[in-house]
Every structure is written in C-alpha cells, then in structure tokens.
Amino acid sequence: MNQKKIFKEFAKYVSFNILGQIAYSCYTLADTFFVSADIGTNGLTALNLAFPIFCVISGAGLMIGIGGSSRFSILKSCNETKAADQVFTNALMLVLMFACAFFFTGLFGSHQLVKILGADSQVFAITNLYLKVLMLFAPACMLNHVLQSFVRNDGAPSLSMAAMIIGSFSNIILDYLFIFPLNLGILGAALATGLSPIISMLVLLPYFIRKKNGFHLAMPDLSQLKGNTGKILANGIPPFLTEAASGIVMFLFNSIILKLSGNVGVAAFGVISVISLVVIALYTGLSQGMQPLLSRNYGAGNREHVRALLRASLVTSILLSLVIYGIIFFYAPQLVAVFNREQDLILAGYAVPGLKLYFTACPFIGFNIVLSTYFISINQPLPAQIISLLRSFFVLIPVAWILAHFFGMAGVWLAYPATELMVFLFALTRKT
C-alpha cells in the first residue's frame, strides 16, 4: 500500500471517528443544557458531582473495547483467526464481570458513593437519583463501547460512526421528551443517557444478522484466557485512564472548589467539564481513528507506514488544538451563557476566565493521547500506561493541590494545563 492510499485511509478513519465522538459527546452537552434549563445551578452541581462515575464506567468499556480490538486487529493481520475470536470472547467475559460490579454497586451502594463525591443536603437527592440510574445502565454502556471498537477494527468505521451518532442524537431527543413534556427532571436526563447505548447497539445489529462480522464468539480456551485477559487490560489501561482522568479531574477539582467557592464554583466547573468532555472526545476520535491502521500496519510489518501515520496524527492534533482553543478564547462568554440560564453573575465570573486558562492544555492533551494510543497500537503498552498514570494521578493530584493553595481558583484552572505540559515533556523522552 503506497503512502497516498495510507493517508486517504487515515483521513477516512479519523474523520469518521471524530464525527462519531462529537455526536457521542453531544449527549453530555444535552444533559447539561436541559438540566440547567429545568433545575438551574443545583442541577449543574448534581451532574458534575455524579459524572466522575460515568467517566469510570465509560472508561472501563473503552479499556476492554480498545484493548481487545487492538489485539484482535494485530492477530487478524497475521491471519490468526481463531486466536482473534478468542480475544473477542474474552473481551465479552470481561464486560460481564465489570458490568455486574457497576450494576450492583449502583443498586445497593449509590448513597455511599454520593457521600464520597461530596454532595451536600441541597443536592444529595437529585445526585443520588441520577447516579443510581446511570450505574444500572452500565452493562449497556460498556457493551456498546466494546462492539463499536470491534466493528471499527473489523473494517467498518462508517457503521461504528453511524451507531455512535444515532445513539447520541436519540439521547438528545429523549432528554427533551423526558425532562419537559414528561416532566421527569433529572431522572429523565439519566434515562435518556442510559437508553442511548441500547439504541446505538440496535444500529449495529444488522451487521451481525447479515454475518458481515469478522469476529465471533468461540468456546473459551482456558489456556489462552489468562494471557488474553492480561493483554486486553494492559493495552486498555491507557484509554481507560484517558477517559477516567476526566472523572478524576472532576472529583479532585470538585473537592477543592467546594472548599474555595461552594456549590456555585462546582457549577462553574460543571460548565468547563462538559466542554472538556467534548474537547477530549475530539482527540479520542483522532486516536481511535488512527489505532486500527497503526495496529494493522504494525502487525503486517510495515514500519514506514506506521511512522507516517504517527506524523499525520501529530499534525492533525496540532490543527485541532488551534481550532479548539481559538473558539474557546474568543467565545468563552457565549459558551458559558448556554449553560447559565439563570444568568448567575458569580458562576459566569468563575467560568469565563476558567475556560481560557483551563484549555491552554489543548495541544498537550492532544499529543499525550496520540502518543499513548501509538504505543498501544504497536504492542508497547508500558509507555502508554506511564503517560496515562502521570496524567491522571501522579502529576495531576499534587499539582492541583499546590496551585490551588497558592493561587486559589486561578490555580485550580491552571493545574490541568500544567499537568499535561509536564507529561508531554516526559512523553518526548520515550522512543517512538
């Protein structure tokens, strides 16, 4: 395959996945917009307190989906069909195990989780309701991520994108119907979010009915189970931490902000968080688009194509960052106003400068996600794991506490770009 064909395929996969991720992130925007319109600042606070758990659920689905499908793609490119089917089977077994843990925790332990997340008496009830429903739908959310990842790596990125888009836009429609005509409030927002992955999987169903899928359930081979599980999780930890990092950032920042500025500050961070999820989704779309191509070419031994794809991904990341930050810098007041229907001046006073400081992280987020996915795709999970752990734990946590202590809310907003910059400098030292 020549370079021209490689870049054409790269453009196809990346554009499909970025469009799909934009649509996927739209349901978070819809939840936030409709809840803020219906409930106001307390609704924004409740969503932001509960959303770290949703990020963990989604991250677990991506961990199994991307970790399993990248391994599947490498094996398929080596014509090891039976081993590839075992990877898919083991991935579904992992989904069952994780999904049960989330489901039963939501059923019996949501009250305790809401306390840990920091909800006070003013927002406790609505936070608990939203969180419980989200966790009960965790099996559908995780299975949807896994099926989309395998379909994408099976050579059908347009179908994966279509499923993501249709599921996401159905969530927006259901949000409106449940919250306003049916007057279900925050319960309606949770139900809409929970039902959207089910609709997404229905879009994928004909692919399996018509037997177009190149991956199949197989009788579990116990001799391969341990090895496959380890490789799926090893390759999947970086995308899990990329997604879960959003939740960790929310939880950590919520804790700090509650002490600095109370519920209104958390609501302001809720606006920044929901925009952050869209921004992360764009870079995730880029990384998910490049991953099948990198894995396939690496498995086939085409090292020159692998390097060309990495360069194209980094250039695309830079262009995305310029566009994203330009929009945020020049339109910050308008973006905040969309989610501030009560026209709370204190909330706007926190959120507008916060957006401009927080998203100076954009170019470094993109580089870190691209490099992490690159290492996964070439079957070198350790550097990707280190990058992801630094971004989500070992650098972020101390930086956030130190900057918040010395600079207050400005320090909170600057902690994220400072972390991403330091991790990027580390990532540059890794051999690519």
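Preceding this section is the structure that the text describes.
What this report covers is the structure whose coordinates are included nearby. These numbers were taken from a predicted model, which means no experiment stands behind them. (Residues numbered from 1 in each chain as written. Predicted model: local features only at pLDDT ≥ 70, side-chain atom pairs only at ≥ 80, totals over all residues. Heavy atoms only, no water.)

## Digging into a nonpolar patch on the surface
Then comes step 1: On the surface, Val-323, Ile-327, Phe-329, Phe-330 and Tyr-331 cluster together to form a nonpolar patch covering roughly 530 Å² of accessible area.
Then comes step 2: Mapped onto the fold, Tyr-331 is located in helix 9 (residues 303-338). (Patch = residues over 30% accessible without salt bridge, like charges linked within 9 Å, V, L, I, M, F, W, Y side chains within 5 Å. Areas by Shrake-Rupley, 256 points an atom, 1.4 Å probe, with all protein chains shown as cover. Salt bridge = Lys/Arg side-chain N within 4 Å of Asp/Glu carboxyl O. Helix = DSSP H or I, 4+ residues; strand = E, 2+ residues; numbered from the N terminus.)

## Describing the packing of aromatic side chains
Then comes step 1: In the structure shown here, the tally under the stated rule is 25 aromatic pairs.
Then comes step 2: Centroid distance Phe-33 to Phe-34: 5.4 Å. Interplanar angle 70 degrees. Geometry classified as edge-to-face.
Then comes step 3: Residue Phe-34 is classed as buried on the basis of its relative accessible area of 12%.
Then comes step 4: Centroid distance Phe-72 to Phe-215: 5.9 Å. Interplanar angle 85 degrees. Geometry classified as edge-to-face. One end of the pair, Phe-72, is in helix 2 (residues 41-77); the other, Phe-215, is in the loop between helix 7 (186-209) and helix 8 (222-299), and 143 residues separate them in sequence. Like Phe-72, the residue Phe-215 is buried in the burial classification.
Then comes step 5: Of note, Lys-356 hangs over the ring of Phe-329, and the distance from its end group to the ring centre comes to 5.1 Å. (Phe/Tyr/Trp six-rings, centres within 6.5 Å; stacked < 30°, edge-to-face > 60°. Buried < 20%, exposed > 50% of the residue type's maximum accessible area, 1.4 Å probe, protein only. Lys NZ or Arg CZ within 6 Å of the ring centre and 35° of its normal.)

## Focus: the environment of Ala-415
Then comes step 1: Position of Ala-415 relative to the elements: it lies in helix 13 (residues 396-428).
Then comes step 2: Look at Ala-415 and you get buried, because its relative accessible area is 0%.
Then comes step 3: C-alpha of Ala-415 to C-alpha of Ile-257: the two residues are 158 residues apart in sequence and 13 Å apart in space.
Then comes step 4: With sequence-adjacent residues up to four places away left out, Ala-415 is seen in contact with Phe-253, Leu-396, Val-399, Ala-400 and Leu-403. (Contact = heavy atoms within 4.5 Å.)

## Observations regarding the pattern of salt bridges
A side chain with one charge can pair with a side chain of the opposite charge if their charged atoms come near.
Then comes step 1: Enumeration according to the criterion identifies two salt bridges in this entry.
Then comes step 2: Put simply, Glu-9 and Arg-296 hold a salt bridge, and the shortest N to O gap is 2.9 Å. One end of the pair, Glu-9, is in helix 1 (residues 3-38); the other, Arg-296, is in helix 8, and 287 residues separate them in sequence.
Then comes step 3: The class of Arg-296 is partly exposed, set by a relative accessible area of 26%.

## Quick look at the layout of surface pockets
Then comes step 1: Counted as a void, the largest pocket has a volume near 280 Å³.
Then comes step 2: Lining the largest pocket we find 15 residues, and of these Ile-275, Val-278, Val-279, Ile-327 and Leu-335 sit closest to its centre.
Then comes step 3: With six residues, the single largest contributor to the lining of the largest pocket is helix 9.
Then comes step 4: Partitioning the lining of the largest pocket into residue classes produces 14 nonpolar, one polar and no charged.
Then comes step 5: A volume near 210 Å³ is recorded for the second largest pocket. (1 Å grid on protein atoms, 1.4 Å probe; cavity = no way out; pocket = protein on both sides within 12 Å on 5 of 7 lines; lining within 4 Å. Points joined across faces, edges and corners; volume = space filled by probe spheres on them. Nonpolar A, V, L, I, M, F, W, Y, C, P; charged D, E, K, R; others polar.)

## As for the nonpolar core
Then comes step 1: Of all hydrophobic cores here, the largest spans 133 residues; its most connected members are Ile-64, Tyr-130, Phe-253, Phe-269, Tyr-358 and Phe-359.
Then comes step 2: For this core, the element with the highest residue contribution is helix 8, accounting for 28 residues.
Then comes step 3: Those residues in contact with Tyr-130, other than ones at most four positions away along the chain, are Asp-31, Leu-47, Ala-50, Phe-51, Ile-186, Ala-189, Ala-190 and Thr-193. (Core = buried A, V, L, I, M, F, W, Y, C linked by side-chain atoms within 4.5 Å.)

## A look at helix 10 (residues 345-358)
Then comes step 1: The terminal C-alpha atoms of helix 10, which comprises 14 residues, lie 19 Å apart, in line with the 20 Å expected from a rise of 1.5 Å per residue.
Then comes step 2: All buried positions along helix 10 are accounted for by Leu-347, Ala-351, Val-352, Gly-354, Leu-355 and Tyr-358.
Then comes step 3: On its buried side, helix 10 packs onto helix 2, helix 8, helix 9 and helix 13.
Then comes step 4: A distance of 2.9 Å separates the backbone nitrogen of Ile-346 from a side-chain oxygen at the start of helix 10, and that oxygen is part of Asp-344. (Expected span 1.5 Å × (residues − 1). Polar contact = N/O pair within 3.5 Å; in protein donor to acceptor, adjacent residues only side chain to side chain.)

## Digging into the side chain of Ser-388
Then comes step 1: Inspection of the secondary structure puts Ser-388 in helix 12 (residues 381-394).
Then comes step 2: Judged by relative accessible area, Ser-388 falls into the buried class, the value being 2%.
Then comes step 3: One polar contact links the side chain of Ser-388 to the main-chain carbonyl oxygen of Ala-384, over a distance of 3.0 Å.
Then comes step 4: Not counting residues within four places of it along the chain, the set of residues in contact with Ser-388 comprises Pro-238, Leu-241, Thr-242 and Ser-372.

## Some points on the side chain of Asp-154
Then comes step 1: For Asp-154, the position within the fold is in the loop between helix 5 (138-153) and helix 6 (157-179).
Then comes step 2: Of the side chains with opposite charge, Lys-76 lies nearest to the buried Asp-154, which makes no salt bridge, at 5.2 Å.
Then comes step 3: Not counting residues within four places of it along the chain, the set of residues in contact with Asp-154 comprises Phe-72, Tyr-207, Lys-212, Asn-213, Gly-214 and Phe-215. (Lys, Arg positive; Asp, Glu negative; His and termini not counted.)

All we've got here are geometric facts, nothing functional implied.
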